[in-house]
Amino acid sequence: MIGGIVAVNYVIDVKLASAKRVKVHTAVATTGPVNFLVLGADSQALDNLSDTMWVVRIDPVRRHALVVSFPRDLWVNVPGQGLAKINASNNGGPQKVIDTMKADFGISINHYVQVDYKSFQGVVDAIGTVPVYVPYPARDDKAGFFSPVAGCQNFTGYDALQYVRSRGLQYYSVSKRAWVAADAIPDIDRIARQQDFVRRLASLAASKSLNDPLKANEIVNRVLRNLTIDAGLSRDDVLTLVDTFLGINPNDTRYVQFQTIPSSEGPNQRGESVLYLHQPQVDPMIASLGGTGIGDNPFINGSSRVPTIPSGSTRTTTSTAPTASAPTTTPTTTTPTTTTPTTPDSTPTGVLQPGIANQSALGPPAVRRPPC
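Residues numbered from 1 in each chain as written. Predicted model: local features only at pLDDT ≥ 70, side-chain atom pairs only at ≥ 80, totals over all residues. Heavy atoms only, no water.

Peer 1: Even after reading the chapter, I still don't get the overall build of the protein, so can you show me in this structure?
Peer 2: In terms of helices and strands, the protein carries nine helices and 20 strands. Put simply, 67% of the contacts in the protein that link residues at least 6 apart link residues at least 24 apart. When the accessible surface of the protein is split by element, carbon and sulfur atoms take 55% of a total near 16,700 Å². (Helix = DSSP H or I, 4+ residues; strand = E, 2+ residues; numbered from the N terminus. Contact = heavy atoms within 4.5 Å. Areas by Shrake-Rupley, 256 points an atom, 1.4 Å probe, with all protein chains shown as cover.)

Here you go:
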């Protein structure tokens, strides 16, 4: 046993030595929960904007992880930059994103991880394929995604990469004989697809790694190839992450829970659509990350701190946070199911589901069958 532990620790040290490191100022980790800031970036993009922004709170005692997505179009105060979309904070590098989390929400970040989207493709290729539910024939010409058949599809690495990048997804309407917009709010609905995909990917990666050491080595190599981590990330931190995620079940959130910061559409800013924090639903979620509140950030609630919202222009994204009185302009609410799934068509507990913009034109979705 001792020899095995020493061998594993040595391998982790060697693997970590090959990862790209970046120097950032982070909060000192304690024996309690630890916050990881995880950014997903597209190396093919022409800017430094982060497409995916998560805060992952690991509680090693409870072996529980809370993964909270921050929509990239969230309108916040970026330190030294003023009001901007939260993903613009990455223009100032990883330290600016860390500082934004602290200044805007009182969230302390202990470790930083940036994953290139290519890692999705590499890990999927190492595993083989990942089953993904597609309710209708789907495409995104800009991302290069195409799934001509609805239902449970096995995605290759290429398919997976285009799927998680998609911001202009369309479904095919048989009645209209045309492709129609799939997403009610592209930023939010893409997050829901990404969370579902990562949950399934992590489950498959963990199960295959436990049964095949060579496969585990290949998966780790694929991840590290496109990974940037903070200079202080140690072997112990990695072992804590591994221990938490080993038992992940895509339909069980007792150990790994995914949520999304509640937000609403509102007035455009600088000619672009943005999302505003939604009060008071956001408060308990920020608190669950060890944060102290939303500070001076604009938000929407009954006494809105942003200009009047045109009628019918809002939709709120919520999670398991308590609900409160509706804002002046009542948004359409997307609330995840709170019951444990009992059939193949059930939704995993606590999972934000994508909205469908043209449901009436699309008709009933395909039946969701195992392993999706």
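Peer 1: I keep staring at the packing of aromatic side chains and nothing clicks. Help me out?
Peer 2: To describe a pair of aromatic rings, you give the distance between the ring centres and the angle between the ring planes. A full pass over the atoms with the stated rule returns nine aromatic pairs. The interplanar angle of 55 degrees and the centroid separation of 6.5 Å between the aromatic rings of Tyr 163 and Phe 197 together place this pair among those described as tilted. Of this pair, Tyr 163 sits in helix α4 (residues 157–165) while Phe 197 sits in helix α5 (residues 186–211); the two residues are 34 residues apart in sequence, bridging distant segments of the chain. Judged by relative accessible area, Tyr 163 falls into the buried class, the value being 7%. The class for Phe 197 is buried, based on a relative accessible area of 1%. When the ring of Tyr 172 is compared with that of Trp 179, the centres are 5.3 Å apart and the planes differ by 65 degrees; the resulting orientation is edge-to-face. (Phe/Tyr/Trp six-rings, centres within 6.5 Å; stacked < 30°, edge-to-face > 60°. Buried < 20%, exposed > 50% of the residue type's maximum accessible area, 1.4 Å probe, protein only.)

Peer 1: Whenever I open this one, the pattern of salt bridges confuses me. Can you help?
Peer 2: Where charged atoms from two side chains of opposite charge come close, those side chains can pair. Using the criterion set out here, one finds 13 salt bridges in the structure. Note that Asp 196 is salt-bridged to Arg 368, the shortest N-O span being 3.8 Å. Remark: Arg 368 occurs in the segment after α9 (359–362) and Asp 196 occurs in helix α5; sequence separation between them is 172 residues. Each member of the pair, Asp 196 as well as Arg 368, carries the same accessibility label: buried. The residue Arg 222 makes a salt bridge to Glu 218 at a minimum N-O spacing of 3.6 Å. Of the two residues, Arg 222 and Glu 218 both sit in helix α6 (residues 213–224), four residues apart, roughly one turn of that helix. According to the relative accessible area criterion, Arg 222 is partly exposed, its value standing at 22%. Taken together, the shared-partner salt bridges connect Arg 72, Asp 73, Lys 85, Arg 167, Asp 187 and Glu 272 into one network. (Salt bridge = Lys/Arg side-chain N within 4 Å of Asp/Glu carboxyl O.)

Peer 1: What am I meant to see in α4 here?
Peer 2: The α-helix advances 3.6 residues per turn, and as a result positions three or four apart in sequence lie on the same side. Among the nine residues of α4, seven are classified as buried, and the element is accordingly described as predominantly covered. Residues Gly 157, Ala 160, Leu 161, Gln 162, Tyr 163, Val 164 and Arg 165 constitute the buried set of α4. For α4, the secondary structure elements touched by its buried residues are α3 (118–127), β8 (130–134), β10 (145–147), β11 (151–155) and α5.

Peer 1: Please explain the nonpolar core as it appears in this structure.
Peer 2: In a soluble, globular protein the nonpolar side chains are often hidden away together inside. Formed by 47 residues in total, the largest nonpolar core has its most connected members in Phe 36, Phe 197 and Leu 201. Ranked by the residues each element gives to this core, the list is headed by α3, at five residues. Apart from the residues within four sequence positions on either side, Phe 197 is in contact with Phe 120, Val 124, Val 130, Val 132, Ala 160, Tyr 163 and Val 164. Counting residues in each nonpolar core, the second largest holds 32 residues, with Leu 37, Val 76, Ile 109 and Ile 188 among its members. (Core = buried A, V, L, I, M, F, W, Y, C linked by side-chain atoms within 4.5 Å.)

Peer 1: Which parts of the structure should I look at to understand α6?
Peer 2: Taking 1.5 Å per residue, 12 residues should reach 16 Å; α6 reaches 17 Å between its end C-alpha atoms and fits that length. What α6 keeps buried is the set Ala 216, Ile 219 and Leu 224. The buried residues of α6 occupy one face: seen down the axis, they fall within an arc of 125 degrees. (Expected span 1.5 Å × (residues − 1). Arc of directions from axis to C-beta.)

Peer 1: Is there a simple way to think about the packing of α5 against α6 in this case?
Peer 2: In a packed pair of helices, the relevant descriptors are the angle between the two axes and the axis-to-axis distance. Between α5 and α6, whose axes approach to 5 Å, the crossing angle comes to 135 degrees. Taken together, the axes of α5 and α6 are oblique relative to one another. By crossing handedness, the relation of α5 to α6 is classed as left-handed. Each of Ala 205, Lys 208, Ser 209 and Asn 211 in α5 lies in contact with α6, whose residues at this interface are Pro 213, Lys 215, Ala 216 and Ile 219. A per-class count over the contact of α5 with α6 returns four nonpolar, two polar and two charged. (Axes fitted to C-alpha atoms, helices over the stretch in contact; angles between N-to-C directions. Parallel < 35°, antiparallel > 145°, perpendicular 65-115°, else oblique. Left-handed = near helix turned anticlockwise from the far one by under 90°. Nonpolar A, V, L, I, M, F, W, Y, C, P; charged D, E, K, R; others polar.)

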